[in-house]
Every structure is written in structure tokens, then in C-alpha cells.
Amino acid sequence: MSTYTVHEPPDADADRIDRGVELEFVKDGFSWLTAICPPLGFVANGVWLMAIAYLAGSALLGYVLNALKVSPDSIGIIFLMINVYLGFEVSSLKRWMLDQRGWQMIGVVNGKSIAESERRFFEGWLPEQPVIARDDATGASSRARGSRFWPFGIGA
């Protein structure tokens, strides 16, 4: 089973359908792509600044270790350890970046896949959210007119 945290943007729409589309599901766990090639893993997870910081930091660290006459085998092991650590922490970095941009964590959900996790989350979350969808012609709520499924209120 995978665990996902669910995040909502700071300027979320009032309607539950619009809010549901904007939610971000962040998988908690190890990222092989980030462990193998951190810049690609960061880009795949949408944390571009971390990719740039990794490239700059690894170049600086490589330069410093080379200047200190550290053996190439030791440098490789140091970078391997850093990459494995980042593979474990990429989801935390993504959550931190979302938090810095004002996103709020609104839940945690488990599932065998992202689709099952989304279904489980929305089954519990959607009924608690208000329906505020407006009819384009009159501006009135379609729920207020008593028509949820039929167009123009016919047969409701």
C-alpha cells in the first residue's frame, strides 16, 4: 500500500468539483529516479529549484572534495549516500515546497495505487464539501432550482 498526502492550493475555488481538480497528491516513499539521478527526480516531482540547488551543490562539493585530495572512490561513495538520502526525502521536499507556496495539507490517504487512493479520499471528502455550481443563464444554483440531473429543470 502507498500513502499519499493531499494538499490544497491557497486560493482554492469554493465549489467542491473545482477544488477537487486542484488538489495535489504527494506519494510518500522512496523514489528510485531521484536516487539514480536526483535532478531528473526533482524535475519529475515538480521541485525545479531543488534540481538547480542539487546541481550547484554537487559541483561545489565535488570541487571541495577534489581540492582536499579525497580519493575518487570516496567521492563516489559520498555522492551515492547523498543520492540515496534524497531518494527517501524527495516527497518531504515536495511537501515543504508546497507549504512554502501556501498550500495546506488537508488529508492523508492509503491505497494500492494513485487511482484507489484518490477514490478513497474523494469518497470521504466530497460529501462534506458544499455544492456551489452556478447555472450560466440565470446565475442561480441548479441545486436551488431542484434540478441536479435534468437540463432546464424538466422532469425534476
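Rules used throughout
- Sequence order sets the numbering: in each chain, residues are counted from 1 along the sequence as written.
- Selection of residues for local features in this predicted model requires a pLDDT of at least 70, selection of side-chain atom pairs for listing and counting requires 80 or more, and totals for whole chains, interfaces and linings are taken over all residues.
- For the side-chain quantities, the full set of heavy atoms in the structure was used; hydrogens and water were omitted.
- Only the contacting stretch of a helix is used when fitting its axis, a line to C-alpha atoms as for every element, and angles between N-to-C directions run 0 to 180 degrees.
- Only DSSP runs of H or I reaching four residues or more are called helices, and only runs of E reaching two or more are called strands; each is numbered from the N terminus.
- Oblique is the label for any angle not under 35 degrees, not over 145, and not in the 65 to 115 range, which are roughly parallel, roughly antiparallel and roughly perpendicular in turn.
- By convention, the crossing between two helices is left-handed when the near helix turns anticlockwise from the far helix through less than a right angle, and right-handed when the turn is clockwise.
- Throughout, a contact is declared for two residues whenever any of their heavy atoms are within 4.5 Å.
- Between Lys or Arg on one side and Asp or Glu on the other, a salt bridge is scored when a side-chain nitrogen of the former is within 4 Å of a carboxyl oxygen of the latter.
- The buried label goes to any residue with under 20% of its type's maximum accessible area, the exposed label to any with over 50%, and the partly exposed label to all in between, with areas taken from a 1.4 Å probe on protein chains only.
- Any Phe, Tyr or Trp ring, taking Trp's six-membered ring, that has another such ring centre within 6.5 Å forms a pair; planes under 30 degrees apart are called stacked, those over 60 apart edge-to-face, and the others tilted.

**Some details on the packing of helix α4 (residues 48–67) against helix α5 (residues 72–100)**
- Here α4 crosses α5 at 155°, and the two axes come no closer than 12 Å. Taken together, α4 and α5 sit at an angle that is classed as roughly antiparallel. With respect to the hand of their crossing, α4 and α5 are arranged in right-handed fashion. Facing L49, M50, Y54, S58, L61, G62, L65 and N66 of α4, the residues of α5 in contact are I75, I78, F79, I82, N83, L86, L93, W96 and M97.

**What to know about the pattern of salt bridges**
- Per the stated rule, a full pass over the model turns up five salt bridges.
- Here E8 ties to R19 by a salt bridge, and the two come within 2.5 Å at their closest N and O atoms. Here E8, found in strand β1 (residues 2–8), pairs with R19, found in helix α1 (residues 16–22); they are eleven residues apart in sequence, far enough to count as distant.
- The buried category is assigned to R19, whose relative accessible area is 14%.
- We note a salt bridge from R120 to E116, for which the minimum N-O separation is 3.2 Å. Of this pair, R120 and E116 both sit in helix α6 (residues 114–125), four residues apart, which is roughly one turn of that helix.
- On the accessibility criterion, R120 (34% relative accessible area) is partly exposed.

**Points about the packing of aromatic side chains**
- The full count for this structure, using the stated rule, is eight aromatic pairs.
- Both rings, one in F25 and one in F121, keep their centres 5.7 Å apart while their planes meet at 90°; by these two values the pair is edge-to-face. With F25 in strand β2 (residues 24–28) and F121 in helix α6, the pair connects residues that are 96 residues apart, well separated along the chain.
- Ring centres of F42 and Y54 lie 6.4 Å apart, and the angle between their planes is 65°; this geometry places the pair in the edge-to-face category. Taken together, the positions of F42 in helix α3 (residues 38–44) and Y54 in helix α4 put the pair twelve residues apart, joining distant regions of the chain. We note that F42, like Y54, is buried.
- Connected via pairs of aromatic rings, a cluster forms that spans F25, F121, F122 and W125.

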